[in-house]
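Residue-level structural notes
Here is how the chains run, residue by residue.
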Amino acid sequence: MITIKNDLQLAKMRSAGHLLYDVLCQLRERMAPGMTTLDLDRYAHELITHAHAIPSFLGYEGYPATLCVSIDDEVVHGIPSKHIEMKEGSIVSVDCGLVLDGWQADSAFTKGMGQISPECAQLIEVTERCFFEGARQAVDGNRLGDIGHAVQQLAESYNYGVIRDLTGHGIGREMHEDPAVPNYGTPGHGVRLRRGMTIAIEPMIALGHYQVHQLRDGWTIVTNDHKPCSHYEHTIAITNGLPEVLTYPGFSWENAPKGENNI
Ligand code: MF3
Ligand code: CO
């Protein structure tokens with residue numbers, strides 16, 4: 001079921017989103033080559049609980065941590081570990097979710113550790129642009145396929161692989177609500193978007209092929225060809241104009257990264 005949020009509910013999601021932005025900024029600042037992914041996870045847990053919020057991933061279907069930290073060929077759902085170090089030259093995706101006053105926020109970014117290859121730097125940059133291209137389509141009256149198509153078109157213009165086995169999602173009181181929000185699609189097809197809908201758009205874009213598999217830990221998703229993958233996610237609200245990016249306070253569409261079609 002797709003839930004429509006009223007203004008009071010949106011205000012609560014905004015508070016959750018703004019807190020999550022704060023947390024992610026601090027994580028982005030703190031992470032550095034040599035640090036373990038468990039150290040980063042512990043820091044996130046402390047930041048979230050100190051703000052009287054709840055880490056939403058922890059315990060979700062038995063997931064054991066606050067963050068998903070996915071390195072290089074890991075697409076998503078990497079489990080933080082004291083044995084995993086974020087090494088110079090790798091690209092690290094950090095995905096985090098929290099609940100504040102009963103309302104969810106979900107957001108992710110990818111950061112290069114120290115010096116990374118130009119290919120990886122471009123992959124990260126284009127994945128972020130894919131998000132904004134997709135989100136720009138999330139307006140009242142458009143359809144889900146318009147979002148997916150915009151993401152896919154930009155990614156594939158770089159010959160990147162658009163991960164198909166995982167999608168974005170509706171979000172609200174629950175982390176995962178209807179509808180699923182794929183990063184591929186056909187314009188004019190799929191669920192119609194309406195003001196008050198809140199969704200997480202999360203392009204997962206690979207330097208190689210889009211095929212993935214799950215590791216035997218039951219969580220980590222990696223690319224079959226072991227080429228690196230980037231992930232970028234925000235929670236957004238559909239309004240009567242361009243969407244509000246709830247997990248990006250201060251963001252304005254005038255400063256959005258430009259895509260291929262909008263100069
Ligand atoms: N953050 C993921 C998403 O964007 C979900 C994480 S699964 C969990 O949908 F188990 F780690 F919580
Ligand atoms: Co998500």
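Attention in this report is confined to the structure presented alongside it. Source: prediction; values computed, not measured.

Conventions adopted
Residues numbered from 1 in each chain as written. Chains lettered and ligands numbered in written order. Predicted model: local features only at pLDDT ≥ 70, side-chain atom pairs only at ≥ 80, totals over all residues. Heavy atoms only, no water. Near = heavy atom within 4 Å. Polar contact = N/O pair within 3.5 Å; in protein donor to acceptor, adjacent residues only side chain to side chain. 1 Å grid on protein atoms, 1.4 Å probe; cavity = no way out; pocket = protein on both sides within 12 Å on 5 of 7 lines; lining within 4 Å. Sits in = over half its atoms within 2 Å of the grid points. Donors = N, O, S within 2.8 Å, 3.2 Å for Na, K, Ca; no water. Tetrahedral: all angles 85-135°; square planar, octahedral: opposite > 155°, others 65-115°. Helix = DSSP H or I, 4+ residues; strand = E, 2+ residues; numbered from the N terminus. Buried < 20%, exposed > 50% of the residue type's maximum accessible area, 1.4 Å probe, protein only. Pairing = 2+ DSSP bridges.

Structural notes on the site of ligand 1
The environment of ligand 1 is made up of 13 residues, and the closest members are Phe57, Asp95, Asp106, His176 and Glu202. Asp95 is positioned such that a nitrogen or oxygen atom in its side chain is 2.8 Å from a nitrogen atom of ligand 1. Within the side chain of Glu233, an N or O atom sits 3.2 Å from an oxygen atom of ligand 1. Judged by its atoms lying within 2 Å of the grid points, ligand 1 is housed in the largest pocket.

Here we look at the coordination of the cobalt ion (ligand 2)
At this site the cobalt ion (ligand 2) is bound by Asp106 (OD), His169 (NE2), Glu202 (OE) and Glu233 (OE), with donor distances of 2.0 to 2.2 Å. With 6 donor atoms in place around the cobalt ion (ligand 2) and angles of 49 to 175° between them, the coordination shape is irregular. Read in sequence order, the donor residues coordinating the cobalt ion (ligand 2) give the pattern D-x62-H-x32-E-x30-E. With a gap of 63 residues between them, Asp106 in strand β5 (residues 103-112) and His169 in strand β7 (residues 168-170) connect regions that are remote in the sequence. The exposure class assigned to Asp106 is buried, which follows from its relative accessible area of 3%.

Brief notes about the pairing of β5
Along β5, 8 of the 10 residues are buried, which leaves the element largely enclosed by surrounding structure. Sheet analysis places strand β4 (residues 91-100) next to β5, joined by 10 bridges and oriented antiparallel. Residue pairing across strands places Ile91 opposite Gly112, the latter belonging to β5. The turn joining β4 and β5, which pair antiparallel and follow one another in sequence, is formed by 2 residues; a positive phi near 50° is taken by Asp101.

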